[in-house]
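Coordinates in review
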Amino acid sequence: FSLCVSVLLSTLVYCSLGQDGASLGVSPDKSQFFKYESVSLSCEVQGKSAGWRLKRNTVSGERSDCGRRWGKPQGSSCNVSLIPSHSGVYWCESGSGEHSNAVNITVHAFLSVSPDRSQFFKYESVSLSCEVQGNSAGWILKRYTVSGERSDCGGNWGKQQGSSCNVSLTPSHSGKYWCESGSGEHSNAVNITVHAGAVILESPALPVTERDSVTLSCRYQGTLSNLTADFYKDGSLIRTETTGEMTIPAVSKSDEGLYKCTNSEGESPESWMTVTVPAPIPSPAVLVLSMSLPRLLCSLLVGSPYLLVTIILMVKGCRSRTQGENLIRKD
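Here the structure is a predicted model, which is why all the values come from computation and not from measurement. Residue indices begin from 1 for each chain and proceed along its sequence in written order. Local features in a predicted model are, by the rule used here, given only for residues with pLDDT of at least 70; side-chain atom pairs are given and counted only at 80 or more, and totals for whole chains, interfaces and linings are based on all residues. Computation of side-chain values: all heavy atoms of the structure, hydrogens and water removed.

This brings us to the sheet that holds strand E16 (residues 164-168). Two strands in a sheet stick together by hydrogen bonds in their backbones, pointing the same way (parallel) or opposite ways (antiparallel). Paired strands are those between which DSSP finds at least two bridges. Helix and strand definitions here come from DSSP, where helices need a minimum of 4 consecutive H or I residues and strands a minimum of 2 consecutive E residues; each element is numbered from the N-terminal end. Spatial ordering of the open sheet is given by E10-E12-E16-E15, a layout of four strands whose pairing is antiparallel. Strand pairing shows two members of the sheet lacking a second neighbour, strand E10 (110-114) and strand E15 (159-161), which therefore form its edges. Neighbour-to-neighbour, the strand axes of the sheet open up by a mean angle of 25 degrees, direction not taken into account. With five bridges connecting them, strand E12 (residues 125-131) and E16 associate as antiparallel partners. In the sheet register, Leu-128 faces E16, and the bridge partner there is Cys-165. Axis definition: a line fit to C-alpha positions, over the contact stretch in the case of helices; interaxial angles, taken between N-to-C directions, run 0 to 180 degrees.

Now for the sheet that holds strand E17 (residues 175-180). Read from one edge of the open sheet, five strands run E11-E18-E17-E13-E14, paired in mixed fashion. Here the strands that pair on one side only, and so sit at the sheet edges, are strand E11 (119-121) and strand E14 (150-152). Across this sheet, the average inter-strand angle for adjacent strands is 30 degrees, counted without regard to direction. Examined bridge by bridge, strand E13 (residues 140-145) and E17 share six bridges and lie antiparallel to one another. What sits directly across from Lys-142, in E17, is Trp-178.

What follows covers the pattern of salt bridges. Note on definitions: salt bridges are taken to be side-chain nitrogens of Lys or Arg within 4 Å of carboxyl oxygens of Asp or Glu. Under the criterion given, the structure shown has 19 salt bridges. In this structure, Arg-56 engages Glu-62 in a salt bridge whose closest nitrogen and oxygen atoms are separated by 3.2 Å. For Arg-219, the salt bridge identified is with Glu-202, shortest N-O distance 3.0 Å. Taken as a pair, Arg-219 in strand E21 (residues 214-220) and Glu-202 in strand E19 (residues 199-202) lie far apart in primary sequence, 17 residues in all. Looking at Arg-219, the relative accessible area reads 29%, which means it is partly exposed. The partly exposed category is assigned to Glu-202, whose relative accessible area is 21%. What emerges from the salt-bridge pattern is a single network uniting Arg-53, Lys-55, Asp-65 and Arg-68. Only protein chains enter the calculation, and the probe is 1.4 Å; a residue is then buried if its accessible area is under 20% of its type maximum, exposed if over 50%, and partly exposed in between.

Counting residues in each nonpolar core, the largest one holds 23 residues, and the members touching the most others are Leu-128 and Leu-141. Of all elements in the fold, only E10, E12, E16, E17 and strand E18 (186-195) reach the threshold of two or more residues within this core. Discounting residues that sit within four places of it in the chain, Leu-141 has contacts with Leu-111, Leu-128, Cys-130, Ser-151, Asp-152, Cys-153, Trp-157, Cys-165, Tyr-177, Trp-178 and Cys-179. Definition used in this section: a nonpolar core is a set of buried Ala, Val, Leu, Ile, Met, Phe, Trp, Tyr and Cys residues joined via side-chain atoms within 4.5 Å. Phe-33, Cys-66, Val-103 and Val-107 belong to the second largest nonpolar core, which has 20 residues in total. Contacts between residues were defined by any pair of non-hydrogen atoms, one from each residue, lying within 4.5 Å.

Okay, the confidence of the model for the protein next. Values of pLDDT, which run from 0 to 100, indicate the predictor's confidence residue by residue. The predicted model of the protein averages 81 in pLDDT, with 75% of residues at 70 or higher. Every residue in residues 324-330 scores below 50 in pLDDT, and together they form zero contacts with partners more than four places removed in sequence or on other chains.

Sheet analysis places strand E2 (residues 32-34) next to strand E9 (residues 99-108), joined by three bridges and oriented parallel. Bridge pairing in E9 links Gln-32 to Thr-106. Here five bridges tie strand E8 (residues 88-93) to E9, and the two strands are oriented antiparallel to one another. In the strand pairing of E9, Val-89 is matched with Asn-104. Once E8 ends, the chain turns through five residues before running back antiparallel as E9, passing Gly-97 with a positive phi of about 95 degrees.

Cysteine sulfur atoms are paired as a disulfide whenever they come within 2.5 Å of each other. Per the stated rule, a full pass over the model turns up five disulfides. The partner cysteine of Cys-66 in its disulfide is Cys-78, sulfur to sulfur 2.0 Å. Disulfide Cys-66 to Cys-78: torsion about the S-S bond roughly 90 degrees, handedness right-handed. Here the residue Cys-66 occupies a position in the loop between strand E5 (63-65) and strand E6 (72-74), and Cys-78 occupies one in strand E7 (residues 77-81), the gap between them amounting to 12 residues.

With that settled, consider the environment of Val-126. Residue placement: Val-126 occurs in strand E12. Owing to a relative accessible area of 3%, Val-126 belongs among the buried residues under this scheme. For Val-126 and Pro-115, which are 11 residues apart along the polypeptide, the C-alpha to C-alpha distance reads 6.4 Å. If we ignore the near neighbours within four places in the chain, the residues touching Val-126 are Val-113, Ser-114, Phe-120, Cys-165, Asn-166, Val-167 and Leu-169.

With that settled, consider the side chain of Ser-217. Relative to the assigned elements, Ser-217 resides in strand E21. Within the structure, the side chain of Ser-217 is placed 3.3 Å from the side chain of Glu-245, a separation counted as a polar contact. Among all residues touching Ser-217, those that are not within four sequence positions of it are Ile-200, Leu-201, Glu-202, Phe-231, Gly-244 and Glu-245. We define a polar contact as two N or O atoms separated by no more than 3.5 Å, with the added condition that, inside protein, one atom must be a possible hydrogen donor and the other a possible acceptor, whereas residues neighbouring each other in sequence contribute only through side-chain atom pairs.

A few words on the packing of aromatic side chains. A pair of Phe, Tyr and Trp rings is counted when the ring centres sit within 6.5 Å of each other, with Trp represented by its six-membered ring. The angle between the planes then sorts it: under 30 degrees is stacked, over 60 is edge-to-face, the rest tilted. The tally for this structure, following the rule as stated, stands at two aromatic pairs. Aromatic side chains Trp-157 and Tyr-177 sit 5.7 Å apart centroid to centroid with 85 degrees between the ring planes, which places their arrangement in the edge-to-face category. You can see Trp-157 sitting in the loop between E14 and E15 and its partner Tyr-177 sitting in strand E17, a full 20 residues away along the chain. Against the face of Tyr-232 rests Lys-260, its NZ or CZ located 5.3 Å from the ring centre. The criterion is that NZ of a Lys, or CZ of an Arg, lies within 6 Å of the ring centre and within 35 degrees of the ring normal, and then a charge sits over that ring.

As a further point, take the environment of Gly-235. Structurally, Gly-235 can be placed in the loop between strand E22 (229-233) and strand E23 (236-241). Measuring from C-alpha to C-alpha, the distance between Gly-235 and Leu-258 comes to 7.7 Å, with 23 residues separating the pair along the chain.

This is the structure we're talking about:
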């Protein structure tokens with residue numbers, strides 16, 4: 001009986017306090033991200049969420065709302081494709097100045113590749129850059145080659161230029177590249193293959209986002225004209241294109257895998273293409289499940305006042321049952 005009364009009282013007290021119980025939901029539920037990852041931020045408010053806005057204060061001191069130079073509002077949610085400058089504190093705020101909880105989000109250092117592809121011919125050039133929020137000093141571009149050599153840019157390879165490293169490639173440069181801070185923090189890693197043969201597959205070195213359009217090109221070193229090419233994924237032929245290019249109009253997670261191509265001049269090495277999936281928008285069911293019991297009951301009461309009668313009858317039922325149990329114990 002006491003439990004029933006406690007539930008009812010906490011519900012009525014919560015409802016009488018109004019809609020101060022707003023909370024900020026984060027999906028996926030984490031605070032550390034790499035550049036270009038996606039996050040969905042939702043204002044979960046008792047009753048209507050109209051008038052509540054998602055705000056942020058970045059580490060650079062910029063205070064602004066979702067939809068103004070960052071984020072895409074969608075109902076009570078804000079979908080954000082993250083970059084390092086998005087690191088900061090996020091919260092929901094009503095028109096009258098009420099606040100939700102605040103969430104700290106950090107977007108870590110990111111290794112970018114220009115041009116964005118994972119295969120190169122011998123003597124082609126690539127620029128690798130450590131993109132860091134704030135001061136990039138202390139971050140070093142590192143690599144681990146297929147021959148087992150681990151070294152820093154500027155040693156016996158590459159030319160350091162600010163936070164970038166420019167490399168004139170040879171086959172011995174094939175390997176894994178990443179950025180690393182003096183304290184041991186790491187960026188994402190990128191695999192680069194330098195081919196001494198006549199054919200390479202031009203595919204993205206960086207992850208692509210689901211539903212984006214992606215073009216893979218089978219490139220022959222000896223001519224600018226395109227040759228008919230066969231494209232393979234995970235060892236199986238998937239398409240033949242007379243233009244030498246294969247376009248996936250809306251890439252999906254199922255397109256992730258190991259790709260290569262062949263034409264009349266030869267065969268390319270294989271390269272892995274990664275597909276990232278944007279954070280889903282929480283469904284109404286998820287929002288309901290995230291509520292505390294008083295908030296859930298309050299929401300039901302607001303929607304149906306007649307439910308109050310049901311709760312009172314429930315309390316009476318609890319009292320009757322408790323009295324019956326006491327009589328049985330006495331007997």
